[in-house]
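The chain contents come next:
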Amino acid sequence: MPNPTELMLLKQPGGLYESWYFCGTSADGQTAFWLKHNLLRPFSSPATDVECSLVLFDKSMAQPQVIHVHTRIPEANALKSASPTAQWSTFRFAWSEQSWVEITPDRLRGRLQQEHTSAEWDLQLHPSHQTLYHFPHALWYHSPWPKKKILTNDIHLGFIGTLSINNTRFNGAFLGMNGHNWGREHAWQYAYANCGQFANDRLAYFDGMTARLALLNGRIHSPPLSLACLKTEQRWYRFDQLLRAARHPVRHLKDYCWAVALHNDRFLLDIHIQAAPGPQSPWVALHYNHPNGQRSVVKNTKFADIQLRLYDREHHCLDTLHSSLCELETLMPWNSASAGFTGQV
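A. Molecular detail of unusual backbone geometry. With omega at 0°, the peptide bond leading from Trp145 into Pro146 counts as cis. Relative to the assigned elements, Pro146 resides in the loop between helix H2 (138-142) and strand E10 (148-165). Of note in the backbone geometry, His129 takes a positive phi value of approximately 60° without being a glycine. With respect to the helices and strands, the residue His129 is situated in the loop between strand E8 (117-126) and strand E9 (132-133). For His129, a relative accessible area of 68% puts it in the exposed group. A positive phi is found at Glu233, a non-glycine position, where the angle reads about 50°. When you line up the elements, Glu233 lands in the loop between strand E16 (225-232) and strand E17 (235-239). Since its relative accessible area comes to 67%, Glu233 is described here as exposed.

Here it is as structure tokens:
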């Protein structure tokens, strides 16, 4: 398997996007943050876009607070100086004297300035040292297909510190994750979710997705392909077999709702995730750029309701998990950054 912290854009040639991100939710479930470090190298250019975004979610506010900075560097040398070890775990980049980020194995620091918006954060990290590889075989990470690679570097990552955007300030302890994804393109349509704060099992963790891929230069699209992994009571249940990916019944694949039933040789996992936009589940709309110049609009919340039911093959219910602190992200081809949403990445 690949080193989960390896900076892939320095390793792989050609057009590529890459995201190294952190999510955390407060113990009372009222606030959450999303800190994204993005790289993009277009197919047609050796230059690289370096971006950082911070999103603060607060159930008492109708809209999340967002700041985003970016710049284009002409070649990879500047990126190599930002991470001499070619690892995300030792990364420092400055867009200006007022905008910079620093990542170390035990701390996140940064400051961003954009017109009339300023942000700052300082977070101590308390890792669980538990990594989830969504794909079951190393070949999937090293071969051209699938074009999008994903792993979770730390599934139960603790944060202690402060984050602020203008007058919105969060302070205290947060629990979340550290994710890493990269690829030649984003999926044509997808729903992705993760949750590590279940009401009835504090050690449980869920991560999964359903995606439809563009084929033959977008002339046709794949059926929904689904995979997921669930950890409960110190045991992993994996629903990630390639030959089954298109055979899982998908009930909902749309903005604000994802529902699918997954199966392997021994178990069934029923997933239902729902979060209507509103004060109790604020959403942000983000722009995801592709190496080919296309752009997709993605919608994301950290406060979706998730219900999981695990069955054996005789349909005996083995476990039921629920939470209102699930991250849900959806990319629908018809999405637009409409009224009621803010932010651009």
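B. Broad picture of the pairing of strand E5 (residues 91-94). Along E5, the buried face is formed by Phe91 and Phe93; none of Arg92 and Ala94, which line the opposite face, is buried. Sheet topology places E5 next to strand E6 (residues 100-104); 4 bridges connect them, and they run antiparallel. Each residue of the ladder has a partner; that of Ala94, found in E6, is Trp100. Counting the residues in the hairpin turn of E5 and E6 gives 5 residues.

What counts, and where the lines are drawn
Residues numbered from 1 in each chain as written. Predicted model: local features only at pLDDT ≥ 70, side-chain atom pairs only at ≥ 80, totals over all residues. Heavy atoms only, no water. Helix = DSSP H or I, 4+ residues; strand = E, 2+ residues; numbered from the N terminus. Buried < 20%, exposed > 50% of the residue type's maximum accessible area, 1.4 Å probe, protein only. Pairing = 2+ DSSP bridges.

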